[in-house]
Amino acid sequence: MKEVLSNANFPQDAQGRTYHVATRASQVANRIITVGDSVRARRIAECFDGGKPIFEHMSQRNFLTLTGTYKGCPISVVAIGMGFSVVDFFVRECRAVVEGEMIIVRLGSCGSLRPDYGIGTVVVPKTSIGISRNYDYFHPATTAQERSSGAIEPYTVTKPLDCDDEVHDKLLAALAAKQPKAEASLFNGESVKAVGNTTNASADSFYGSQGRTDPSFLDANANLIDVLQQRYRELSTLEMETFVLNHLAASANAAIDSVPAGQPVPQKGRIRTGAVQMIFANRTNSAFISPDECHKLEVWAGESVLEALRNVDIPKERLHPNGVWD
Ligand code: R1P
């Protein structure tokens, strides 16, 4: 750690840089694309005006922020890694340095649970559920009776939380407008397509809580996917971030809505979320994406998310007056 930080509750340096993402006011735009992978982030940033970001910072904790303009509209691309906890660092720390409404879109890879959504399909979910490992189920003190009776289940599944309707629709429209022509040599001859209005599940592991099997660990997940699909008929994709993004947006919006009438509302605006999920693994037939296919999907999806974000209005009065970076 290089900077001197203060405030153990929410550590920031003297200029307001946050502890992990390490950006400060005027370095992050109100419209953000978040990805897991810094290579994908840089690929998207090549579409910025001038072919590169205006502001760039890789934090010591490996959060990469690239801020530029796309057709004149300020947008940040932030690579955060994978999983629930990094979404929490990212959303809270970016919220702390951005004034006004935020629109955050996760552009990530996912596994498909549907034979008709193969490699080459890009999915825009409408809603997401969260799946977490219940650590107590695996605790040595938990009895066989507690396990077999169902008193303690191995996984907990949340209620669904929606993405923003307008963001969902603009993402789907942009993907359709920029859809590349299918090539027989790519995607195993499957047609390249974008689909929307699906249900996603975000899991707290790539392995156990996504129903993958591993004889080296007790995971108690043999019927997890079947149970999820019975409960959510439209369940199409599995990944690791969208649910938490929707949850944090709902929490931020609830904090604003809970301000009693007549009391000053914080300067911070609402958070609206969306997700674009590129199918890298088809769990129904074990297919996995090739590097060429990955590149093609990332270019299509990346440009589409930039275009969609540009097309979602953020009313001027809710933008920070100094909405420029330095
Ligand atoms: C698994 O390999 C990871 O890839 C996806 C999933 O959500 C999961 O976190 O994220 P990115 O493709 O954005 O890294």
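Refer to the structure printed above.
Cut-offs used in this document
Residues numbered from 1 in each chain as written. Predicted model: local features only at pLDDT ≥ 70, side-chain atom pairs only at ≥ 80, totals over all residues. Heavy atoms only, no water. Helix = DSSP H or I, 4+ residues; strand = E, 2+ residues; numbered from the N terminus. Rg over C-alpha atoms; globule rule 2.2 N^0.38 Å. Buried < 20%, exposed > 50% of the residue type's maximum accessible area, 1.4 Å probe, protein only. Contact = heavy atoms within 4.5 Å. Lys, Arg positive; Asp, Glu negative; His and termini not counted. Charge placed at Lys NZ, Arg CZ, Asp CG, Glu CD. Axes fitted to C-alpha atoms, helices over the stretch in contact; angles between N-to-C directions. Left-handed = near helix turned anticlockwise from the far one by under 90°. Nonpolar A, V, L, I, M, F, W, Y, C, P; charged D, E, K, R; others polar. Pairing = 2+ DSSP bridges. Salt bridge = Lys/Arg side-chain N within 4 Å of Asp/Glu carboxyl O. Near = heavy atom within 4 Å. Polar contact = N/O pair within 3.5 Å; in protein donor to acceptor, adjacent residues only side chain to side chain. Areas by Shrake-Rupley, 256 points an atom, 1.4 Å probe, with all protein chains shown as cover. Phe/Tyr/Trp six-rings, centres within 6.5 Å; stacked < 30°, edge-to-face > 60°. Disulfide = S-S within 2.5 Å.

A. The overall build of the protein, seen in detail. Tallying secondary structure elements over the protein gives seven helices and 14 strands in all. The C-alpha atoms of the protein give 20 Å as radius of gyration, which agrees with the globular expectation for 326 residues (20 Å, within 12%). Each principal axis of the C-alpha atoms in the protein carries an extent, and together these give about 60 × 55 × 40 Å. Buried positions account for 49% of the 326 residues belonging to the protein. Pairs at least 24 apart in sequence give 77% of the contacts found in the protein among residues at least 6 apart. For the protein, the separation between the mean place of its 33 positive charges and that of its 37 negative charges on side chains is 3 Å.

B. Seen up close, the packing of helix α2 (residues 84–97) against helix α6 (residues 242–257). Close contact between α2 and α6 brings their axes to 9 Å; oriented N to C, the two are set at 35°. As α2 runs across α6, the sense of the crossing is right-handed. Here α2 contributes Phe84, Val87, Asp88, Val91 and Arg92 to the contact with α6, which in turn contributes Val244, Leu245 and Leu248. Of the residues assigned to the contact of α2 with α6, the class counts are six nonpolar, no polar and two charged.

C. Expanded view of the pairing of strand β3 (residues 31–35). Among the five residues that make up β3, five are buried, leaving the element largely enclosed by the rest of the structure. What you see with β3 is no split at all: Arg31, Ile33 and Val35 on one side and Ile32 and Thr34 on the other are buried throughout. Direction of pairing for β3 relative to strand β6 (residues 73–79): parallel, over a ladder of four bridges. Each bridged residue has a counterpart across the sheet, and for Ile32 the counterpart in β6 is Ser76.

D. Quick peek at the pattern of salt bridges. The full count for this structure, using the stated rule, is 17 salt bridges. Its salt-bridge partner being Asp165, residue Lys126 comes within 3.3 Å of it at the nearest N-O pair. Here the residue Lys126 occupies a position in strand β8 (residues 121–133), and Asp165 occupies one in helix α4 (residues 165–177), the gap between them amounting to 39 residues. Residue class for Lys126 comes out partly exposed when judged on its relative accessible area of 23%. Residue Asp165 is classed as partly exposed on the basis of its relative accessible area of 46%. Ionic pairing is found between Asp257 and Arg270, a salt bridge with its closest N-O pair at 2.9 Å.

E. Structural detail: the site of the ligand. Taken together, Gly36, Arg40, Met82, Arg106, Gly108, Ser109, Phe206, Glu239, Met240 and Glu241 make up the full set of residues near the ligand. Here an oxygen atom of the ligand sits 3.1 Å away from a polar atom, N or O, in the main chain of Gly36. For the ligand, an oxygen atom lies 3.1 Å from a polar atom in the backbone of Met240. Notes on the ligand: free accessible area 360 Å², of which the protein chains cover 86%. Take the shell around the ligand: its biggest share by element is three residues, from strand β7 (residues 100–112). Here the shell around the ligand is composed, by residue class, of three nonpolar, three polar and four charged.

F. Spotlight on the pairing of strand β13 (residues 268–282). By the criterion of burial, β13 is predominantly enclosed, with 13 of the 15 residues buried. Where β7 meets β13, 12 bridges bridge the pair, whose relative direction is parallel. Among the inter-strand pairings, Ile103 is bridged to a residue of β13, identified as Arg272. The sheet contact formed by β8 and β13 spans two bridges and is antiparallel. Across the sheet, Val123 pairs through a bridge with Gln277, a residue of β13.

G. A look at the packing of aromatic side chains. Enumeration according to the criterion identifies four aromatic pairs in this entry. The interplanar angle of 75° and the centroid separation of 6.2 Å between the aromatic rings of Phe63 and Phe89 together place this pair among those described as edge-to-face. On the criterion of sequence distance, the pair formed by Phe63 in the loop between β4 (55–58) and β5 (64–70) and Phe89 in helix α2 is long-range, its members being 26 residues apart. Classification of Phe63 by relative accessible area gives buried; the value is 4%. Its relative accessible area of 30% is what places Phe89 among the partly exposed residues. On the numbers, 4.9 Å between centres and 85° between planes, the contact of Phe206 with Tyr207 is edge-to-face. Its relative accessible area of 36% is what places Phe206 among the partly exposed residues.

H. Expanded view of the state of the cysteines. Here the structure, examined in full by the defined rule, presents zero disulfides. The cysteine Cys294 is free of any disulfide, with Cys110 supplying the nearest cysteine sulfur at 12 Å.

I. A look at the environment of Arg283. Of note, Arg283 is situated in the loop between β13 and β14 (287–288). Distance from Arg283 to Arg212, taken between C-alpha atoms, is 9.3 Å for residues 71 residues apart in sequence. Here Arg283 is in contact with Ser112, Leu113, Gln210, Gly211, Arg212 and Leu238, once residues within four sequence places are set aside. At a separation of 2.9 Å, a polar atom in the side chain of Arg283 contacts the main-chain carbonyl oxygen of Gln210.

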